[in-house]
Amino acid sequence: MIRHKKVNKINLNKVWKSGVGSRESVERRKREDDSKSALLPYHLVPLSPCPPLLTGIIVCLLTILSGCAFQSPEVVTNNTKTVEDITQTATSTTAAIPRTVKTTPVDGQVLQQLEGRLYQQLQVLMAKAQGARPDGYVYTVDLSQILYYAAGKKDSRLYLPLRDFATRNLVIDKKSDPYTKGFVLWRYRDGAPADASGTTEALRLAESLWLGSQTLGDETDRQRAMSILQGYTRHAQIDHDKWLIRNYFNLQTRAFANNSFLVGYDPDLLKIVAQVTGDRTLKSVAQKSYATIREAATPSGLLYDIIQPEVLTLVPELKQLAIFSPNDVVKLANTCTVAERAVEEAPEVGQRVIRFALARMPNLNTYYYGRNGEPVIPQKAEIPTYACLVRLSAKLKEEKAMYAFLNPFVNHAEFMAQNINQFSLYTVGEALLALQSVSQFNPPGSQDRLQSSSVSMRDRV
C-alpha cells in the first residue's frame, strides 16, 4: 500500500462519502480474482498445470495434439475485410442471437445513473487503499483502465494524479540503464524491488497517455506514450522462425521470458499511433501482431492464449503447436480482450467471438474448450466478460449484439454498485469502460454521434 512516502501517493482532490461495508471475504476475493479478464497481470505466474522440464513439455504437447493442433483452414484464413464491409454485408452475427435474448436498447438515463454511481464508488475504492490490491501492490492494468476512462471523460481531476503516479513509479527511465527506457512495471509497491516489466501493462498505459494527450492537451503525455511503445517493441523476438512479443523482462535476472501471452498484443493502438507519427517500427509490429492474432484462432472461433516456440524443439514439423492454451482451455474474456484490439484490420476475429458468445446466451460461461466450444466448468460469465463483449460489439457497430450483452451486464453492474466491497478496482474499471463505449456508440448509417462527454481514441485521431 502506498503510504510511506508522500511523493508516492495517488492524491485525489476529493472523495465522495458512501456507505461502504466491511472488506470482502477471502473466499469472495478468490472468486473475483478467478473471474478477472485477460488484462490482469500474468507475469511470473505459472503458465499451465504442466510440470516443468521435458516431461511437462511432452504432456502439454500431447494435450495440444489432441485438441487444437489441426485448425480449420477457414479459421486461420487471412481475411482483410474492413469493419465497414462487415457492417454492410454480414448478417450472420445478429442471426445467431437466440430468441430468448433481449436486444432492446437500455434506457439512457438508467445507464447514466449507473455510471454515476460506479464513478462515485471508484473514488471511494481509490481513496481507501490508494489503488492497491489486498497484497499492497498497485497493478498497472488497474490504474491504466481508470486513467483511460478519465482521459475519455476529460476529467483532469482524476486523470492528473493517476498519470503523475504512473509516470513517476511505473515507467522506467534511468540514464544508467538506457536499454530499459520506456519499460513499464507490471506492479508497484513502495519499498519493494521492481521485479519485471509487463507488455500488456505497457500497452494499456501508453493507450491512456496517448488519449490523454489529445483530450487534455498535454503534448508531454504523447511523448511518454511513444517512449513506452518503443520500449514495448524491444520485447520482440524471432524464435524458431516465430515472431513474438516476449511476455516480460525480468529486472532481477536481466532476462526476457521465452513465451508470450496474446493479451499482450494491441495492433489497433500501434497502427493508429504509427499513422499519426509515421513510425515504421510501430507499423511493422502492428502488422505482425494482426497476423499472430489470426494465427491463434481456435476451431470453435476463440483464440489460444500462449505463444511458446520452444516446444517446437520436440515437434519441429508441427509449427502450429507454438500457439496453444493449457489443456485447450480458453477464457472467453481473454479472447474478447484480444479481439477488441484488432478490429481495424482483423474484424473477422471479433465477429467470430460475438457469434460464439451470442449462440451461448443467455447461459454464457467463463471457460470453454478451444477445439469444440464446450464449457469447461459451470462458471457463469461475469462483469469482465460482458463488459468486453459490449465494447467489442460497439467497435464493430453490431447494435443488436451490443444490447444483447448490455442487458445482462447492467444486471451484474447494478449488483456491483450495491455491493462494491465485493469487487475489485479492476472490475469497476471494466464496467465503466463498457458504459463509456455505449455512450460513444454511433449506429451504422447514423450521422450524429450520441451526446457524450467521452471520446474514443480512434475518433480523436
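Residues numbered from 1 in each chain as written. Predicted model: local features only at pLDDT ≥ 70, side-chain atom pairs only at ≥ 80, totals over all residues. Heavy atoms only, no water.

A. Structural context of helix α10 (residues 219-233). Across its 15 residues, α10 extends 22 Å between first and last C-alpha, which sits within 8% of the 21 Å expected from 1.5 Å per residue. Between the side-chain oxygen at the start of α10 and the backbone nitrogen of Thr220 there is a gap of 2.9 Å, and the oxygen is on Asp218. (Helix = DSSP H or I, 4+ residues; strand = E, 2+ residues; numbered from the N terminus. Expected span 1.5 Å × (residues − 1). Polar contact = N/O pair within 3.5 Å; in protein donor to acceptor, adjacent residues only side chain to side chain.)

B. Quick look at the sheet that holds strand β7 (residues 260-261). Strand order in this open sheet of three strands is β7-β8-β9, and the pairing throughout is antiparallel. Whereas interior strands pair on both sides, the edge strands pair on one side only; in this sheet they are β7 and β9 (323-324). When β7 meets strand β8 (residues 306-307), the two strands line up antiparallel, connected through two bridges. When the bridges of β8 are listed, Phe261 appears paired with Ile306. (Pairing = 2+ DSSP bridges.)

C. Highlighting the pattern of salt bridges. Inspection of the entire model under this criterion finds 21 salt bridges. Between Arg254 and Asp177 there is a salt bridge whose closest N-O contact spans 2.8 Å. Of this pair, Arg254 sits in the loop between β5 (249-250) and β6 (255-256) while Asp177 sits in the loop between α8 (156-169) and β2 (187-188), and the two are 77 residues apart along the sequence. Residue class for Asp177 comes out buried when judged on its relative accessible area of 14%. With a closest N to O distance of 3.4 Å, Glu430 and Arg391 form a salt bridge. With Glu430 in helix α17 (residues 425-440) and Arg391 in helix α15 (residues 383-395), the pair connects residues that are 39 residues apart, well separated along the chain. (Salt bridge = Lys/Arg side-chain N within 4 Å of Asp/Glu carboxyl O. Buried < 20%, exposed > 50% of the residue type's maximum accessible area, 1.4 Å probe, protein only.)

D. A look at unusual backbone geometry. Residue Pro362 is reached from Met361 by a cis peptide bond, and omega for that bond is 5°. Looking at the element boundaries, Pro362 is found in the loop between α14 (347-359) and β11 (367-369). Unlike most non-glycine residues, Asp241 shows phi in positive territory, near 65°. Looking at the element boundaries, Asp241 is found in the loop between β3 (236-239) and β4 (242-245).

E. Main features of the nonpolar core. The biggest cluster of nonpolar side chains holds 115 residues, and the ones touching the most others in it are Leu118, Leu122, Tyr265, Leu364, Phe405, Leu406 and Phe409. Among all residues touching Leu118, those that are not within four sequence positions of it are Ala413, Met416, Ala417, Val428, Ala431, Leu432 and Leu435. (Core = buried A, V, L, I, M, F, W, Y, C linked by side-chain atoms within 4.5 Å. Contact = heavy atoms within 4.5 Å.)

F. Up close: the packing of aromatic side chains. Applying the stated rule across the entire model yields 13 aromatic pairs. With centroids separated by 5.7 Å and ring planes inclined at 80°, the aromatic side chains of Phe165 and Tyr188 adopt a geometry described as edge-to-face. On the criterion of sequence distance, the pair formed by Phe165 in helix α8 and Tyr188 in strand β2 is long-range, its members being 23 residues apart. On the basis of relative accessible area, Phe165 is assigned to the buried category, the value being 0%. For Tyr188, a relative accessible area of 10% puts it in the buried group. (Phe/Tyr/Trp six-rings, centres within 6.5 Å; stacked < 30°, edge-to-face > 60°.)

G. Molecular detail of the state of the cysteines. Applying the stated criterion across every chain, the model contains one disulfide. Each sulfur of the disulfide joining Cys336 and Cys388 lies 2.4 Å from the other. Between Cys336 and Cys388 the sulfur-sulfur dihedral comes to about -100°; the bridge is accordingly left-handed. Highlighted residues: Cys336 in helix α13 (residues 332-340) and Cys388 in helix α15, separated in sequence by 52 residues. Residues Cys336 and Cys388 agree in their burial class; the two are buried. (Disulfide = S-S within 2.5 Å.)

H. A look at the pairing of β4. With burial as the criterion, each face of β4 is covered, one bearing Lys242 and Leu244 and the other bearing Trp243 and Ile245. Direction of pairing for β3 relative to β4: antiparallel, over a ladder of four bridges. The residue bridging Asp239 from the neighbouring strand is Lys242, located in β4. Adjacent in sequence and paired antiparallel, β3 and β4 are bridged by two residues, among which His240 carries a positive phi angle near 55°.

I. Structural detail: the confidence of the model for the chain. Taken as a whole, the chain shows an average pLDDT of 83; of its residues, 76% reach a score of 70 or greater. Per-residue pLDDT stays below 50 along residues 13-91; that stretch engages in 162 contacts with residues further than four places along the chain or on separate chains. In this model, residues 447-455 is a region of pLDDT below 50 whose contacts with residues beyond four sequence positions or in other chains number 23 contacts. (pLDDT = per-residue confidence, 0-100.)

J. Geometry of the packing of helix α7 (residues 140-153) against α8. At their nearest, the axes of α7 and α8 sit 9 Å apart, and the two run at 140° to each other. When the axes of α7 and α8 are compared, the crossing they make is left-handed. Along the contact surface, α7 presents Leu143, Ile146, Leu147, Ala150 and Ala151, while α8 presents Leu158, Tyr159, Leu162, Arg163, Phe165 and Ala166. Residues belonging to the contact of α7 with α8 are distributed by class as follows: ten nonpolar, no polar and one charged. (Axes fitted to C-alpha atoms, helices over the stretch in contact; angles between N-to-C directions. Left-handed = near helix turned anticlockwise from the far one by under 90°. Nonpolar A, V, L, I, M, F, W, Y, C, P; charged D, E, K, R; others polar.)

K. Structural detail: the environment of Glu115. Structurally, Glu115 is set in helix α6 (residues 108-129). Among the residues examined, Glu115 registers a relative accessible area of 13% and is labelled buried. Taking the C-alpha atoms as reference, Glu115 lies 8.3 Å from Gln436; in sequence the two are 321 residues apart. If we ignore the near neighbours within four places in the chain, the residues touching Glu115 are Tyr149, Lys153, Leu432 and Leu435.

L. Representation of helix α11 (residues 267-277) within the structure. The buried count for α11 comes to eight of eleven residues, which makes it a mostly enclosed element. Within the sequence span of α11, burial applies to Pro267, Asp268, Leu269, Leu270, Lys271, Ile272, Val273 and Ala274. Where α11 terminates, the next one or two residues include Gly278, which has phi positive at roughly 75°.

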